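Descriptive structure summary
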Amino acid sequence: MKIQIRSTFFFFVATTLLTLTTAGNPFPPTSNDTDFIRISCRTTLYPQICYTSLSGYSNAVQQDPGRLARVAIGVTLSKATHMARYMSNITRKADYASIPRVAAAVHDCFSVFGDAVDEIRGSLRQMRRLGGTGESLRFQLSNVQTWMSAALTNEDTCTDGFEDVPDGGVKEDICGRAVKVKEVTSNALALVNSFANTIQAP
């Protein structure tokens, strides 16, 4: 799969995060705002990473679990997009091509991260369009849960592909970067799940 990361797409991500940061209360965030994020992050597998990556958006989140999930997905999309662009650059290098196992792992990682970006992007678009209540809202969130789960699976596939590759070099570099994206993806999915659990049936 070919990945084309256009400047317009980065503008879309930046605009989304900027909107979330500047929306709502123009005053500085309160301790309650940041405490809400800290407590919400306890439901994730990586609570410290969750809090560190999201606490800067506490003023936009306004103690709203839906906004928090949307911010988390936006942050994840930014990181996954950077990883996809990095993999695109790596595939142009010839210094690993002579080792078939490494070449195959790099190519597969390049492909699955492209898919992951598409899935996370779709999740963010769905979160921006959420509407309704009860079962209708649950259904919309189920799409987000499906896409974020698929993105996480694709990211796992990237690192799994390096299991038979000797340690060091390209493996250490790519897997280290991929793990960081996996962590924020996992956290975002957990926050979406937490938000979905707050939706009351009619």
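None of the values given here were measured: they were computed from a predicted structure. (Residues numbered from 1 in each chain as written. Predicted model: local features only at pLDDT ≥ 70, side-chain atom pairs only at ≥ 80, totals over all residues. Heavy atoms only, no water.)

Interhelical geometry of helix 7 (residues 134-160) versus helix 8 (residues 169-197) gives an angle of 160 degrees and a closest axis separation of 9 Å. Compared by their axis directions, helix 7 and helix 8 come out roughly antiparallel. Considering the relative orientation of helix 7 and helix 8, their crossing is left-handed. (Axes fitted to C-alpha atoms, helices over the stretch in contact; angles between N-to-C directions. Helix = DSSP H or I, 4+ residues; strand = E, 2+ residues; numbered from the N terminus. Parallel < 35°, antiparallel > 145°, perpendicular 65-115°, else oblique. Left-handed = near helix turned anticlockwise from the far one by under 90°.)

Of note, Thr185 is situated in helix 8. Residue classification places Thr185 among the buried residues on the basis of a relative accessible area of 0%. Of note is the side chain of Thr185, whose polar atom sits 3.0 Å from the side chain of Glu155. Residues in contact with Thr185, not counting those within four places in the same chain, are Thr76, Ile120, Met148, Ala151, Leu152 and Glu155. (Buried < 20%, exposed > 50% of the residue type's maximum accessible area, 1.4 Å probe, protein only. Polar contact = N/O pair within 3.5 Å; in protein donor to acceptor, adjacent residues only side chain to side chain. Contact = heavy atoms within 4.5 Å.)

Let us now look at the pattern of salt bridges. Overall, the coordinates contain five salt bridges when judged by the stated rule. Notably, a salt bridge pairs Asp118 with Arg121, separated by 2.9 Å at the nearest N-O pair. Of this pair, Asp118 and Arg121 both sit in helix 6 (residues 100-128), three residues apart, which is roughly one turn of that helix. A salt bridge links Arg177 to Asp173, with the nearest nitrogen and oxygen atoms 2.9 Å apart. Linking Arg177 with Asp173, this pair stays in helix 8, spanning four residues, or about one helical turn. Taking relative accessible area as the criterion, Arg177 reaches 37% and is therefore assigned partly exposed. (Salt bridge = Lys/Arg side-chain N within 4 Å of Asp/Glu carboxyl O.)

Next up on the list: the side chain of Thr44. As for its placement among the helices and strands, Thr44 is situated in the loop between helix 2 (31-40) and helix 3 (47-54). You can call Thr44 buried: its relative accessible area is 8%. Within the structure, Thr44 has its side chain in polar contact with the backbone oxygen of Cys41 (distance 2.6 Å). A polar atom in the side chain of Thr44 sits 3.3 Å from the side chain of Asn187. When neighbours within four sequence positions are excluded, Thr44 is seen to be in contact with Cys50, Asn187, Ala190 and Leu191.

The subject of this paragraph is the nonpolar core. In this structure, Leu54, Ile73, Phe162 and Ile174 are the most contacted members of the largest nonpolar core, which totals 53 residues. Elements supplying a minimum of two residues to this core: helix 2, helix 3, helix 5 (65-90), helix 6, helix 7 and helix 8. In this structure Ile174 touches Met83, Tyr86, Met87, Ile90, Val106, Cys109, Cys158 and Phe162, once residues within four positions along its chain are discounted. (Core = buried A, V, L, I, M, F, W, Y, C linked by side-chain atoms within 4.5 Å.)

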